[in-house]
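Understanding the architecture of this molecule
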Amino acid sequence: MQDRITYRVNEVLALTGLSRSTLYRLVAQGELPLVKVCGRTLIARDDLEAMVQRMRQSPPPVSAGRPSGRNRPMPA
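An account of the accompanying structure is given in this report. (Residues numbered from 1 in each chain as written. Predicted model: local features only at pLDDT ≥ 70, side-chain atom pairs only at ≥ 80, totals over all residues. Heavy atoms only, no water.)

1. Quick word on the packing of helix 1 (residues 9-16) against helix 2 (residues 20-28)
The test is simple: To get an axis, fit a line to the C-alpha atoms, keeping to the stretch in contact for a helix; angles then go from 0 to 180 degrees between the N-to-C directions. The helix and strand labels rest on DSSP assignments: H or I over at least four residues marks a helix, E over at least two residues marks a strand, and numbering proceeds from the N terminus. We call two directions roughly parallel when the angle between them is under 35 degrees, roughly antiparallel when it is over 145, roughly perpendicular when it lies between 65 and 115, and oblique otherwise. Should any heavy atoms of two residues lie within 4.5 Å, those residues are counted as being in contact.
Across the interface, helix 1 lies against helix 2 with an axial gap of 10 Å and an inter-helix angle of 110 degrees. When the interaxial angle is binned, helix 1 and helix 2 end up roughly perpendicular. Of the residues in helix 2, those touching helix 1 at V9, N10, V12 and L13 are R20, L23 and Y24.

2. Points about the sheet that holds strand 3 (residues 40-44)
How we decide: The pairing criterion is simple: DSSP has to find at least two bridges between the two strands.
The antiparallel open sheet is built from 3 strands, whose spatial order is 1-3-2. This sheet does not close on itself; its edge strands, each paired only once, are strand 1 (6-8) and strand 2 (35-37). Pairs of neighbouring strands in the sheet enclose a mean axial angle of 45 degrees, with direction left out of account. Pairing geometry for strand 1 and strand 3, over 3 bridges, is antiparallel. Along strand 3, the bridge assignment pairs Y7 with I43.

3. Some remarks on the pattern of salt bridges
Between side chains of opposite charge, a pair can form as their charged atoms come close. Definition in use: By definition here, a salt bridge exists when the distance from a side-chain nitrogen of Lys or Arg to a carboxyl oxygen of Asp or Glu is within 4 Å. Three exposure classes are used, based on accessible area relative to the maximum for each residue type with a 1.4 Å probe and protein chains only: buried under 20%, partly exposed in between, and exposed over 50%.
Enumeration over the complete set of coordinates arrives at 2 salt bridges. Between E11 and R4 there is a salt bridge, and its shortest N-O distance comes to 2.8 Å. For the salt bridge of R54 with E31, the shortest nitrogen-to-oxygen distance reads 3.3 Å. Taken as a pair, R54 in helix 3 (residues 45-57) and E31 in the loop between helix 2 and strand 2 lie far apart in primary sequence, 23 residues in all. Judged by its relative accessible area of 26%, E31 falls in the partly exposed class.

The structure is reproduced here in structure tokens:
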């Protein structure tokens, strides 16, 4: 990453490829703190890098939702 210490939300979306809803879900789960400065919502580079490291070290969560139906057999 660059020498900047904070990024705006749109910049983090472009850097990571995450969707806006996924980014805000990570914020709601406490995985990524936001910094409010003069009405701007910023994300500290160190917090972003730490989150990525934690995600790399932990296995992906198992979906707890209903099956999507994509793997169900077709009716005869």
